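The residues making up each chain are set out below.
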Amino acid sequence: MLAKKNLQLLILFYLVSLSCVFAQNTPIGIVTDFDRSAIVDSVIQVMVNEIDRTTGASREVTLAADDIIYSTQSLSQAATNYNLIAPKVSLVILIGSVSTKGALSTGFSTPTIGLGIYDPGLQEIPFNNGKSGVSNFSYIWAAQNFRKEIEQFNRLHQFRNLTLLVDEGSAITFNEEKAGKTLDSLSQSLSTIINVVPVGNDALASLQSLPPGTDAVYVTELYTKSFSNIRMIADELKRQKLPSFSATKWHVDEGILGSISDDNGLDQAIRKLAIMADGVFTGERLQDMPVVINHKQEFYLNLQTAREIGLSPPFEIIFTANLIDGDARDQPYYSLEEIMQKALEANFDIKVSYRDIDLAEQEIINARSALLPALDMSVAGAQINDERANPAIGSSERTLTGQLRLTQLLYSEEAIAGVKILHHLMKAQEFDTESDILAVLLDTYTSYFNLLAAKTNLLVQQENLKNTKANLELAKIRVTLGSSSKAELYRWESEVATAKQSVVEAQTGVISTKLQLNTFLANTLEDEFDIEDISIDGETFREFQSGAMEEFVKTPDDFGKVSDFLVQEAVTGNPNKQFLLENIKATEREQLQNKRLFFVPQVALQAQTDQILDRGGKGSVETPEVEFFDNSWQVGLSLNYSLFQGLNRKANIEKSNLQLEQLNYSRQQLDLNLELAVRSRALELLNTSTNIGFSKIASDNARDNYALVRDNYQQGLVTITQLIDAQQAALNARLAYALSVYDYLQAHVQLEFAIGFFSGFATEEELNAFEERFSQFVSDN
């Protein structure tokens, strides 16, 4: 029995080997509208390779150099070229509408497949119930809705005078009467003028002769134009500030403003071509093969082009379209370190707080002035009536007198205490400024992480929209096959609308968080900027994970020890605590001052000199009997003690006692608040650190479950509700995992803020001192 089975395997292997050795040669030929170029040749080679791969080892598909005819420019030339190629090959591929339509007049002696059909109705290509109906002939039509494309273009930019650029060679394949009626109908529905301009070899000449008043240009399938040609057309349209639209996505890559198309349309066409060729070689009839490829149409928008022509697209399109932005690579990217440094340099709250320190310093200078000498100078002129002038007593009718007065406070409890109190208040202000800086840094950290989360949410929502659209296309196929009702289509269309709105909300969320971040930086960032992500494998994330909580905590006991240490750090080093302690010292000094004022006098030194600078009028001249004394001086010491001020001094003592009691209560409450903040945020950090791993597992499983349910839905084994539930679960799990990293980072900085110490801004000496205190605490406990 075993020998018989081995014999069967040997015979099977021999037959397979034999079929490989004697693979049937299958020559194919190509007639194309295109001129020969490296790009055209590469596309042709891809077609041949795909056909050869699809047909299998039993055939060897070949394309001889003399079985390709390029540059077919007329219908008659197309017919001639087809008749030259067809007798020599097993399959003819016609690339371009001229080659395809021209060959129709010959009848098809050889199986023939056409590519590059724009609209079978307008081009009068046979189309019967989705098939060609012509013996030995079929073609591939990427079914596009011209009316829908123009309407979408009008939604992007409301034009009133539209010009269509059509390929000069392909234009001869269109029925002018049918095309004219289509354009007239579209023109009336959109209330716009539509003109047609053929584009030949000199594309720039066509663009420079656009009809007057043209305010928008639609670029049709210019099959014979290369990438550089389309780029040149796009550049010229941008120079003329004209919005442009195309039926081809790669045109948008080259600078055309917008398009609704499929990103992989060529790949799909080549794949369908290979399947049709394989069908021909296995005996299927070409006339019975479906010609249509139903593309998933997506909106593509070139933002760089929009900026260059000064067009502001509608929000609905910006938020839901696939955006292509050449300038996006040039926009500045900022790291977390750069953003935090900008916050320190530019934030207005920090600048205001620094000015508060300067003001406190000026208050000290002002208070010290009372303890420094005061020197005053004055000059006074006087005139008396001449009857009173008497030289005997030094009284002249007119005198000019100068005075110099010196005052020095030798001892004043109020002045001395005032300076010391202000010193404490200035130190309190320095701690308050440190607290303000920590708050700004926390807000900046939060805004940075929120922006990363918003960007991640946008990417996830865009992916969900893409998946929902794919499910809508899947539902269309199921309805076509009769395995589902149209109710499923309506449900998926509703889901697409909901997903689009989620994308819009995510987009606005990104914009909002960017504005918030830039506000903290005093709008010093550019209008268009981006920030670097923080990945789990990145250096920044590893730095966050190098703290005591992450490295030391392995058990609940470890967590308790670390929490106790961090609470100790907070209640001793938090700037809010230091601010309160300095205020307590200031109040204690004020209390001491109020007590001393009961028995301590104020002592001051005074000195004064007066000099008569000039005399005039009666009694202003000395006589032998009278000598003027023009200078006088005096020095004195004053002692001032207030015997009674009502109940003011006693009230001040009581007031300072109450203030001290109040501040001590505040200190105790602050200690409790700091302990609560540290312990709760330490727990949150512990929670978020474990959530990263678990949410990844949940995300991976939800993704795999969604893929499985989707496959089952495609086979009709599950309902639409089950698929929507699986998709929603995958979306939520993906978001939860993506955001778990930012939740962890946020918890980390929240804990450091509660302690009053951001490790990212600490010096190496401060970090070493922190580690030493931690090591000592652990060893002592």
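On a predicted model such as this, the values are computed, not experimentally measured, just so you know.

Draft legend 1. Molecular detail of the sheet that holds strand S15 (residues 322-324). Strand order across the open sheet formed by seven strands is S9-S8-S10-S11-S12-S14-S15, with mixed pairing between neighbours. Each edge of the open sheet is held by one strand with a lone partner, namely strand S9 (193-199) and S15. With strand direction ignored, the average angle separating the axes of adjacent strands in the sheet is 20°. Two elements, strand S10 (residues 216-219) and strand S11 (residues 244-246), share three bridges in a ladder whose sense is parallel. Looking across to S11, one finds that Val-217 is bridged to Ser-244. Contacts from helix H6 (residues 146-156) reach strand S8 (161-167), S10, S11, strand S12 (258-261) and strand S14 (298-302), with the element oriented near 145° to S10.

Draft legend 2. Up close: the sheet that holds strand S17 (residues 374-383). The strand order across the open sheet built from four strands is S17-S18-S20-S21, with neighbouring strands paired in antiparallel fashion. At either end of the open sheet lies a strand with only one pairing partner, and these are S17 and strand S21 (631-640). Going across the sheet, the axis of each strand differs from the next one's by a mean of 20°, ignoring polarity. In terms of strand pairing, strand S18 (residues 398-411) meets strand S20 (residues 602-616) through 13 bridges, oriented antiparallel. Paired with Arg-398 across the bridge in S20 is Gly-616.

Draft legend 3. Quick look at a negative patch on the surface. On the surface, Glu-337, Glu-338, Glu-532 and Glu-543 cluster together to form a negatively charged patch. Structurally, Glu-337 is set in helix H15 (residues 336-346).

Draft legend 4. The arrangement of the nonpolar core in detail. By size, the foremost hydrophobic cluster in this structure holds 83 residues, and its most contacted members are Phe-449 and Leu-745. Looking at this core element by element, the count peaks at 17 residues for helix H17 (residues 413-481). With residues near it in sequence (within four places) discarded, Leu-745 still touches Phe-449, Ile-534, Phe-541 and Phe-544. The next biggest cluster of nonpolar side chains, apart from the first, holds 30 residues, and it includes Phe-146, Leu-301, Leu-303 and Ile-317.

Draft legend 5. Expanded view of unusual backbone geometry. Its identity as a non-glycine residue notwithstanding, Asn-129 has a phi of 55°, on the positive side. Asn-129 sits in the exposed class, given a relative accessible area of 72%. A positive phi angle, near 60°, is found at Lys-241, a position not held by glycine. Secondary-structure assignment places Lys-241 in the loop between helix H10 (227-239) and S11.

Draft legend 6. Structural view of the pattern of salt bridges. Going through the model one piece at a time under the given rule, you end up with 30 salt bridges. A salt bridge links Glu-50 to Arg-53; the nearest nitrogen and oxygen atoms lie 2.6 Å apart. Of this pair, Glu-50 and Arg-53 both sit in helix H2 (residues 38-55), three residues apart, which is roughly one turn of the helix. A salt bridge links Glu-308 to Lys-238; the nearest nitrogen and oxygen atoms lie 3.6 Å apart. Of this pair, Glu-308 sits in helix H13 (residues 303-309) while Lys-238 sits in helix H10, placing them 70 residues apart in sequence. Owing to a relative accessible area of 33%, Glu-308 belongs among the partly exposed residues under this scheme. Each of the salt bridges in this network shares a partner with another, and the network as a whole consists of Lys-696, Asp-700, Arg-703 and Asp-704.

Draft legend 7. Quick look at helix H24 (residues 720-755). Between its terminal C-alpha atoms H24 stretches 52 Å, which fits the 52 Å expected from 36 residues at 1.5 Å a residue. Considering bend angle alone, the principal kink of H24 is centred on Ser-740 and spans about 35°. Once H24 finishes, Gly-756 follows within two positions and takes phi at roughly 90°, a positive value.

Draft legend 8. Fine view of the side chain of Gln-461. Of note, Gln-461 is situated in helix H17. Discounting residues that sit within four places of it in the chain, Gln-461 has contacts with Ser-502, Val-503, Ala-506, Leu-731 and Leu-735.

Draft legend 9. How the structure looks around the packing of helix H21 (residues 556-573) against H24. The contact between H21 and H24 brings their axes to 8 Å, and the two run at 50°. Compared by their axis directions, H21 and H24 come out oblique. On H24, the residues that touch Leu-566, Glu-569 and Ala-570 of H21 are Leu-751, Ala-754 and Ile-755.

Draft legend 10. Seen up close, the pairing of S20. Here 10 bridges tie S20 to S21, and the two strands are oriented antiparallel to one another. Bridge pairing in S21 links Ala-607 to Val-635.

Draft legend 11. View of the environment of Ser-312. Along the chain, Ser-312 falls in the loop between H13 and helix H14 (315-320). Along the primary structure Ser-312 and Leu-156 are separated by 156 residues, whereas in three dimensions their C-alpha atoms are 9.1 Å apart.

Draft legend 12. Region of the structure containing the confidence of the model for the protein. Confidence in the prediction of the protein, expressed as mean pLDDT, is 86, and 94% of residues score 70 or more. Scored below 50 in pLDDT, residues 1-22 makes two contacts in the model with residues more than four places away or belonging to other chains.

Draft legend 13. Representation of H15 in the model. Considered for burial, the residues of H15 that qualify are Leu-336, Ile-339, Met-340, Ala-343 and Ala-346. Along H15, the residues classed as buried sweep out an arc of 145° about the axis, all on the same side. Facing away from the buried surface of H15 by more than 90 degrees, the exposed residues are Glu-337 and Glu-345.

Draft legend 14. Local environment of the environment of Glu-675. Structurally, Glu-675 can be placed in helix H23 (residues 648-714). In this structure Glu-675 comes out as partly exposed when scored by relative accessible area, which is 29%. Separated by 458 residues in sequence, Glu-675 and Val-217 place their C-alpha atoms 67 Å apart.

Draft legend 15. A look at the environment of Gln-429. Counting through the fold element by element, Gln-429 comes out in helix H17. For Gln-429, a relative accessible area of 15% gives the class buried. Each C-alpha atom, one on Gln-429 and one on Ile-317, is 51 Å from the other, the two residues being 112 residues apart in sequence. Setting aside its immediate chain neighbours within four residues, Gln-429 contacts Ser-353, Asp-356 and Ile-357.

Draft legend 16. How the structure looks around a nonpolar patch on the surface. Together, Leu-410, Leu-605, Trp-633, Val-635 and Leu-637 line one region of the surface with nonpolar side chains, adding up to about 570 Å² of accessible area. Its place among the elements puts Leu-637 in strand S21. The exposed category is assigned to Leu-637, whose relative accessible area is 61%.

About the cut-offs
- Residues numbered from 1 in each chain as written.
- Predicted model: local features only at pLDDT ≥ 70, side-chain atom pairs only at ≥ 80, totals over all residues.
- Heavy atoms only, no water.
- Pairing = 2+ DSSP bridges.
- Helix = DSSP H or I, 4+ residues; strand = E, 2+ residues; numbered from the N terminus.
- Axes fitted to C-alpha atoms, helices over the stretch in contact; angles between N-to-C directions.
- Contact = heavy atoms within 4.5 Å.
- Patch = residues over 30% accessible without salt bridge, like charges linked within 9 Å, V, L, I, M, F, W, Y side chains within 5 Å.
- Areas by Shrake-Rupley, 256 points an atom, 1.4 Å probe, with all protein chains shown as cover.
- Salt bridge = Lys/Arg side-chain N within 4 Å of Asp/Glu carboxyl O.
- Lys, Arg positive; Asp, Glu negative; His and termini not counted.
- Charge placed at Lys NZ, Arg CZ, Asp CG, Glu CD.
- Core = buried A, V, L, I, M, F, W, Y, C linked by side-chain atoms within 4.5 Å.
- Buried < 20%, exposed > 50% of the residue type's maximum accessible area, 1.4 Å probe, protein only.
- Expected span 1.5 Å × (residues − 1).
- Bend = angle between axes of the 7 residues up to and from the residue.
- Parallel < 35°, antiparallel > 145°, perpendicular 65-115°, else oblique.
- pLDDT = per-residue confidence, 0-100.
- Arc of directions from axis to C-beta.

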